[in-house]
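# Survey of secondary and tertiary structure
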Amino acid sequence: MSQGPTPLRSLPRDPGRAVGFLCLALFLSGAAGLLFEVVWVRQLSLILGCSVQAVTAVFVAYMGGMAAGAWLLGPLPDRLGPQGSIVLYA
């Protein structure tokens, strides 16, 4: 039988552990984003033949994705509160 998502009441209340987990999650997501950016620039450099154009294409796609995500999901954290925002990020 499948359990639903973990209720916020059962999350750990130790602030040091929660901050450490949050820092680790932010670090890992940033590292993954940087890794994907490098891979895409290298792949597009093979197709476009120029690394400046490849970097520009990756930058435009990244910023466009950030803008679309902020536009679509921007109001959601205000309704969820601080703990709900962290759960949404995870």
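If you're wondering where the values come from, they're calculated on a predicted model, not measured in any experiment.

## Details of the overall build of the chain
Each helix and strand counted, the chain has 3 helices and 0 strands in total. Helices (α) and strands (β) of the chain occur, in sequence order from the N terminus, as α-α-α. Taking all 90 residues of the chain together, the buried fraction comes to 6%. Accessible surface, the chain as shown: approximately 7,600 Å² in total, 72% of it carbon and sulfur.

## Considering a nonpolar patch on the surface
Residues F59, V60, Y62, M63 and M66 make up a contiguous nonpolar surface patch of roughly 560 Å² in combined accessible area. Here M63 is to be found in helix α2 (residues 51–73).

## Observations concerning the environment of T56
Relative to the helices and strands, T56 is located in helix α2. Spatially, the C-alpha atoms of T56 and V41 are 9.0 Å apart, while their sequence positions differ by 15 residues.

## Quick notes on the confidence of the model for the chain
In this model, the chain carries an average pLDDT of 80, and 81% of its residues clear a pLDDT of 70 or more. Within the chain, α2 carries the highest mean pLDDT (88), whereas helix α3 (residues 76–89) carries the lowest (75).

Analysis parameters
- Residues numbered from 1 in each chain as written.
- Predicted model: local features only at pLDDT ≥ 70, side-chain atom pairs only at ≥ 80, totals over all residues.
- Heavy atoms only, no water.
- Helix = DSSP H or I, 4+ residues; strand = E, 2+ residues; numbered from the N terminus.
- Buried < 20%, exposed > 50% of the residue type's maximum accessible area, 1.4 Å probe, protein only.
- Areas by Shrake-Rupley, 256 points an atom, 1.4 Å probe, with all protein chains shown as cover.
- Patch = residues over 30% accessible without salt bridge, like charges linked within 9 Å, V, L, I, M, F, W, Y side chains within 5 Å.
- Salt bridge = Lys/Arg side-chain N within 4 Å of Asp/Glu carboxyl O.
- pLDDT = per-residue confidence, 0-100.

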